[in-house]
Amino acid sequence: MTDTLRPVEADLHPATHSPQKLKRSIGVIGGTLLTLSCVTPASTLFVVVPDLLGSLGTATALTIAIGSLLCVAVAFCYSELGTLVPSAGGEYAMVSTLAGRLAGWLVFVLSLLVVMIVPPVIAMGTADYLEPVVHLDPSMAGAAVMLLATLAGLLDLRANAWITGVFLVLEVIAAAVVAVLGFAHSERGLGSLASMEVAGPDGGPDAVTALLVVSGLAIALFITQGFSTAVYLSEELENPRRNVARTVLATLGISAVIILVPVVAITLGASDLAELTGGDISSMVTAWSNSAVGTFVSLCVALAIINAGIVMVIQNSRVLFASARDKAWPEPVNHVFAKLGRFGSPWVATLAVGVPGAALCFVNLDTLYGVTGVSVTGMYLLVAIAALLSRRGAHRHAPAWRMPLWPAVPALLIVVLGYVLTQQEPAHLAWTGGITAAATLYWALYLRPRTTTRWLVTIPEDTRTDTV
């Protein structure tokens, strides 16, 4: 294995050429607010969950619950690896250091695929939830949200933590309103959550099979996927070897509750299977209350989507910044993407992810969720493999948060995620596989022959004394 944990200062000579480091400026609360905003519970509830309701019906809550349990094991892996390898590169820095450079490169490509495509598609949902106030073209509204998020991403991270924190409060209020109204208008008992039924073409109930639930797990994993943002922010978290794990686990627990409780309420409160399968949550809220409440919830969701755009641009820019610092591209590209602005943010990388994101709002991305689900599952699989290798050699005694039940947790996770991948649609597997193959070709022809000058994954030196 060619990569090991090492501070950036030890790798570069002379010191004047050392890559720039991000500023440590946020604690657990700020990191949790930013990370929760990336999970974006309300926009996930209103934008992603309806797709699951359409295919899984009453089994949606069960599928999300199983996905959340799987994410606990994933969070353990992220917490241990994120404190062992605290880098803005996130998954790719962790996997490169512990499982080899090729594995790290493939994780980087998968993570970049997820974080580049998801924000504009979610942003396009803004128009639907502003409809009670103003009619907007979805593509134009999405592009405006992406540009606004890009401008916010150029600011200091501490300022963004407060901005996203305010928006997050509104998200939680919207989710709470849905939960309260759904439970207050329950049409069926808790036993219906295990009935596994969906409305058929004739309006009657159709059974949801176990294999369909397994297939839906890829999207369920994506629903709470944003907790990984804590790892991307590890270079900017104070005392990362302690606070990364706290942020990851706290975010997962809070987001699972914020998402799962309203889904249970929606399942119980829908008037019939046809309404539940239709997945029009805004209409359900209006039927349970009145148009004013429906408008309030819709506006909260619109703000949640803007909030998600801001945090996703912040996250994505850190990934691109770290890849340039680690020499993933030709030198002119690396030099530009590694620039930091007056607020300490990677401003060129921020523009590079935000502006194309605005352009993607005008592209048809029908296969987004399927490809994203496959990418997230594959990324988690490689992270689990790295976690299985995290206690070899020098890493065994390195200061880090350590997961319970190692190595059983990552080993079981590898088996389950591998099976989930086999149950995905061939078209989604083909798209993701094609992109991965192209990335492997770039590795073989450009990165691998330049092992001493390209893809040099570095771990910034932490100047504070951390306790785990």
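Now for a description of the structure that goes with this document. For every chain, the first residue of the written sequence is number 1, and numbering continues from 1 along that sequence. Owing to the predicted nature of the model, reporting of local features is limited to residues with pLDDT of at least 70; listing and counting of side-chain atom pairs is limited to 80 or more, with chain, interface and lining totals taken over all residues. The basis for every side-chain value is the complete set of non-hydrogen atoms in the structure, without hydrogens or water.

1. Looking at the overall build of the protein
By the criteria applied, helices consist of DSSP H or I runs no shorter than four residues and strands consist of E runs no shorter than two, each listed in order from the N terminus. When helices and strands are counted, the protein shows 19 helices and 2 strands. Within the protein, buried positions represent 58% of all 468 residues. When the accessible surface of the protein is summed, it comes to about 17,500 Å², and 68% of that surface belongs to carbon and sulfur atoms. The buried label goes to any residue with under 20% of its type's maximum accessible area, the exposed label to any with over 50%, and the partly exposed label to all in between, with areas taken from a 1.4 Å probe on protein chains only. Residue burial considers only the protein chains on display, and all accessible areas are found by Shrake-Rupley using a 1.4 Å probe.

2. Some points on helix H2 (residues 41–56)
How far a helix is expected to stretch is found by multiplying one less than its residue total by 1.5 Å. An ideal rise of 1.5 Å per residue puts 22 Å on 16 residues; H2 reaches only 19 Å between its terminal C-alpha atoms. Remark: the principal bend of H2, roughly 40°, maps to Val 49, with a proline, Pro 50, within the next four residues. Along H2, 13 of the 16 residues are buried, which leaves the element largely enclosed by surrounding structure. Gly 57 sits one or two residues past H2 and shows a positive phi near 55°. Fitting one axis to the seven residues ending at a residue and another to the seven starting there, the bend at that residue is the angle between the two axes.

3. Concerning helix H7 (residues 138–153)
Spanning 16 residues, H7 covers 22 Å between terminal C-alpha atoms, matching the ideal 22 Å at 1.5 Å per step. Along H7, the residues classified as buried are Ser 139, Ala 141, Gly 142, Ala 143, Val 145, Met 146, Ala 149, Thr 150, Ala 152 and Gly 153. Whenever two N or O atoms come within 3.5 Å, that pair is a polar contact, provided that in protein one can donate a hydrogen and the other can accept it, and provided that, for residues adjacent in sequence, both atoms are side-chain atoms. Where H7 begins, the side chain of Asp 137 points an oxygen toward the backbone nitrogen of Ser 139, at a separation of 3.1 Å.

4. Some thoughts on the packing of aromatic side chains
By convention here, two paired aromatic rings are described through the distance between centres and the angle between planes. Here is the rule: rings of Phe, Tyr and Trp (six-membered ring for Trp) pair when centre to centre is within 6.5 Å. Planes less than 30 degrees apart are stacked, more than 60 are edge-to-face, and the remainder are tilted. In this structure the tally under the stated criterion is 12 aromatic pairs. Both rings, one in Phe 76 and one in Trp 401, keep their centres 5.9 Å apart while their planes meet at 40°; by these two values the pair is tilted. Taken together, the positions of Phe 76 in helix H3 (residues 60–84) and Trp 401 in the loop between helix H17 (368–388) and helix H18 (408–422) put the pair 325 residues apart, joining distant regions of the chain. For Phe 76, a relative accessible area of 18% puts it in the buried group. Plain terms: the ring middles of Trp 105 and Trp 455 are 5.2 Å apart, the flat faces sit at 85° to each other, and that makes the pair edge-to-face.

5. Observations concerning a nonpolar patch on the surface
Side chains of Val 133, Val 134, Leu 136 and Leu 299 sit close together on the surface and give an oily, nonpolar patch of about 280 Å² of accessible area. Relative to the assigned elements, Val 133 resides in the loop between helix H6 (126–130) and H7. Patch criteria: residues need more than 30% relative accessible area and no salt bridge. Like-charged residues are merged within 9 Å; nonpolar side chains of Val, Leu, Ile, Met, Phe, Trp and Tyr are merged within 5 Å. Criterion for a salt bridge: a side-chain nitrogen of Lys or Arg within 4 Å of a carboxyl oxygen of Asp or Glu.

6. Examining the packing of helix H9 (residues 210–223) against H18
In a pair of packed helices, the angle between the axes and the distance between the axes together describe the arrangement. Two elements in contact, H9 and H18, have axes whose closest approach is 9 Å; the angle formed by their N-to-C orientations is 110°. As summarised for this structure, H9 and H18 are arranged roughly perpendicular, according to the angle between their axes. Between H9, through Leu 211, Val 214, Leu 217, Ala 218 and Leu 221, and H18, the contact on the second element is made entirely by Leu 417, Tyr 419 and Val 420. In this classification, the charged set is Asp, Glu, Lys and Arg, the nonpolar set is Ala, Val, Leu, Ile, Met, Phe, Trp, Tyr, Cys and Pro, and all remaining amino acids, among them Gly, are polar. Split by residue class, the contact of H9 with H18 holds 8 nonpolar, no polar and no charged. Where helices are involved, their axes are fitted lines through C-alpha atoms of the stretch in contact, as for all axes, and angles between N-to-C directions lie from 0 to 180°. Geometric relationships in this document are graded by angle, where less than 35 degrees denotes roughly parallel, more than 145 denotes roughly antiparallel, 65 to 115 denotes roughly perpendicular, and other angles denote oblique. A contact between two residues is defined here by any heavy atoms of the two lying within 4.5 Å.

7. Structural notes on the pattern of salt bridges
As enumerated under the stated definition, the model contains 4 salt bridges in all. Between Arg 402 and Glu 80 there is a salt bridge; the shortest N-O distance is 2.9 Å. Residue Arg 402 is located in the loop between H17 and H18, and its partner Glu 80 is located in helix H3; the two are separated by 322 residues in the primary sequence. Owing to a relative accessible area of 0%, Glu 80 belongs among the buried residues under this scheme. Residue Lys 327 pairs with Glu 331 through a salt bridge whose shortest N-O separation is 3.4 Å. When its relative accessible area of 35% is taken as the criterion, Glu 331 is described as partly exposed. Look at the salt bridges and you will find they share partners, linking Glu 80, Arg 391 and Arg 402 into a network.

8. Considerations on the nonpolar core
Nonpolar cores are built from buried Ala, Val, Leu, Ile, Met, Phe, Trp, Tyr and Cys residues. Side-chain atoms within 4.5 Å join them into one set. Tyr 78, Trp 105, Phe 108, Phe 227, Ile 266 and Trp 455 are the most contacted members of the largest nonpolar core, which totals 142 residues. Top element by residues in this core is helix H14 (residues 291–325). It accounts for 17 residues. Discounting residues that sit within four places of it in the chain, Phe 108 has contacts with Tyr 92, Val 319, Ser 323, Trp 329 and Trp 455.

9. Some points on the environment of Pro 119
The topology assignment puts Pro 119 in helix H5 (residues 101–123). Looking at Pro 119, the relative accessible area reads 3%, which means it is buried. For the pair formed by Pro 119 and Val 311, sequence separation is 192 residues and the distance between their alpha carbons is 9.4 Å. Apart from the residues lying within four places of it in its own chain, the contact partners of Pro 119 are Val 114, Met 146, Met 312 and Asn 316.

10. Digging into unusual backbone geometry
With the exception of glycine, most residues fall at negative phi, and the peptide bonds are largely trans. In this model, Trp 406 is joined to Pro 407 through a cis peptide bond whose omega is 5°. Position of Pro 407 relative to the elements: it lies in the loop between H17 and H18. Here the phi dihedral of Lys 327 falls at roughly 60°; this positive angle occurs in a residue that is not glycine. Judged by relative accessible area, Lys 327 falls into the partly exposed class, the value being 24%. In the Ramachandran plot, Trp 455 falls in the positive-phi region, its phi being about 55° despite a non-glycine side chain. Here Trp 455 is to be found in the segment after helix H19 (426–447).

11. Structural notes on the packing of helix H4 (residues 91–99) against H17
Taken N-terminus to C-terminus, the directions of H4 and H17 make an angle of 40°; their axes are 9 Å apart at the nearest point. Relative to H17, the element H4 lies oblique. The hand of the H4/H17 crossing is left-handed. Listed contacts from H17 to Glu 91, Val 95, Leu 98 and Ala 99 of H4 are Met 379, Leu 382, Val 383 and Ala 386. The residue inventory of the contact of H4 with H17, partitioned by class, reads 7 nonpolar, no polar and 1 charged. Crossings are sorted by hand: turned counterclockwise from the far helix by less than a right angle, the near helix makes the crossing left-handed, and turned clockwise it makes it right-handed.

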